[in-house]
Amino acid sequence: MADTIFGKIVRGELEADVVYQDDLVTAFRDIQPKAPVHILIVPNDPVETVAHVEPRHEAALGRMFTVARKLAEEEGIAEDGFRLIVNTRDQAGQEVYHLHMHLLGGRSLGPMLSR
Ligand code: 5GP
């Protein structure tokens, strides 16, 4: 797949507010936050979309959830609640084709979808 800005952030080639990194995933604050807490969690090994996911990606995808839980606790939003979003392809509004999970919280997030 083509390199993206998120690949550059994972490799430290593009500046970002990185809040967590390990051997499988990287988490950094969204440049245009939609909520008081808005963090993106990505697999270090890029996958374009959920439509490209294969069994070999399971370790990184599972890690994304344990890191989401850890960051939600650290950010103080675990108790009140938070939302995880993974947009996939055009109709979901995916902009960056390096699979990523949005971790959003810190205010009431309203209904899941606008009509
Ligand atoms: P998508 O719409 O693909 O699900 O979400 C892409 C997200 O990446 C958007 O929320 C956007 O604000 C964020 N984003 C785009 N470019 C950058 C960047 O260069 N740095 C950071 N930290 N976030 C970015």
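Whatever comes next refers back to the structure up there.
Scoring rules and cut-offs
Residues numbered from 1 in each chain as written. Predicted model: local features only at pLDDT ≥ 70, side-chain atom pairs only at ≥ 80, totals over all residues. Heavy atoms only, no water. Buried < 20%, exposed > 50% of the residue type's maximum accessible area, 1.4 Å probe, protein only. Helix = DSSP H or I, 4+ residues; strand = E, 2+ residues; numbered from the N terminus. Pairing = 2+ DSSP bridges. Near = heavy atom within 4 Å. Polar contact = N/O pair within 3.5 Å; in protein donor to acceptor, adjacent residues only side chain to side chain. Areas by Shrake-Rupley, 256 points an atom, 1.4 Å probe, with all protein chains shown as cover. Core = buried A, V, L, I, M, F, W, Y, C linked by side-chain atoms within 4.5 Å. Contact = heavy atoms within 4.5 Å. Phe/Tyr/Trp six-rings, centres within 6.5 Å; stacked < 30°, edge-to-face > 60°. Axes fitted to C-alpha atoms, helices over the stretch in contact; angles between N-to-C directions.

A regular strand carries its side chains on alternate faces of the sheet. Within strand 3 (residues 37-43), seven of the seven residues are buried, which leaves it mostly tucked inside the rest of the structure. The sheet contact formed by strand 2 (residues 25-29) and strand 3 spans five bridges and is antiparallel. If you follow phenylalanine 28 over to strand 3, its bridge partner there is leucine 40. Both strand 3 and strand 5 (residues 101-105) contribute to a ladder of five bridges, which runs antiparallel. The residue of strand 5 that forms the bridge with isoleucine 41 is methionine 101.

Another aspect to go through is the site of the ligand. Among the 17 residues in the neighbourhood of the ligand, the closest are listed as Arg29, Asp30, Glu95, His100 and His102. For the ligand, an oxygen atom lies 2.5 Å from a polar atom in the side chain of aspartate 30. Here asparagine 87 contributes a side-chain N or O atom positioned 3.0 Å from an oxygen atom of the ligand. About the coverage of the ligand: the protein hides 88% of its 520 Å² of free accessible area. Of all the elements in the fold, those that place two or more residues in the shell around the ligand are helix 1 (5-10) and strand 2. By residue number, the principal contributor to the shell around the ligand is helix 1, which donates three residues.

Before going further, it helps to spend a moment on unusual backbone geometry. Phi is positive for arginine 89, close to 65 degrees, though the residue is something other than glycine. Within the fold, arginine 89 resides in the loop between strand 4 (82-85) and strand 5.

By size, the foremost hydrophobic cluster in this structure holds 16 residues, and its most contacted members are Ile39, Ile41, Met64, Leu71 and Leu103. Taken together, the elements giving at least two residues each to this core come down to strand 2, strand 3, helix 2 (58-75) and strand 5. Per-element accounting of this core gives the leading share, six residues, to helix 2. Beyond its immediate stretch of four places on either side in the chain, methionine 64 contacts Val25, Ile41, Pro43, Leu99, His100 and Met101.

Moving on to the packing of aromatic side chains. Under the criterion given, the structure shown has one aromatic pair. With a centroid separation of 5.2 Å and an interplanar angle of 65 degrees, the aromatic rings of phenylalanine 6 and phenylalanine 28 are classed as edge-to-face. Taken together, the positions of phenylalanine 6 in helix 1 and phenylalanine 28 in strand 2 put the pair 22 residues apart, joining distant regions of the chain. Summarising the burial analysis for this pair, phenylalanine 6 and phenylalanine 28 share the class buried.

This brings us to the sheet that holds strand 4. Strand order in the open sheet made by the five strands is 1-2-3-5-4, with antiparallel pairing throughout. The open sheet has two free edges, formed respectively by strand 1 (18-21) and strand 4, since each of these has just one partner strand. Put simply, the sheet's adjacent strands are angled 20 degrees from each other on average, direction ignored. In this sheet, strand 5 lies alongside strand 4 in antiparallel orientation, the contact comprising four bridges. Counted as the bridge partner of phenylalanine 82 is glycine 105 from strand 5. Packing against the sheet, helix 2 makes contact with strand 1, strand 2, strand 3, strand 4 and strand 5, and its axis sits at approximately 155 degrees to strand 3.

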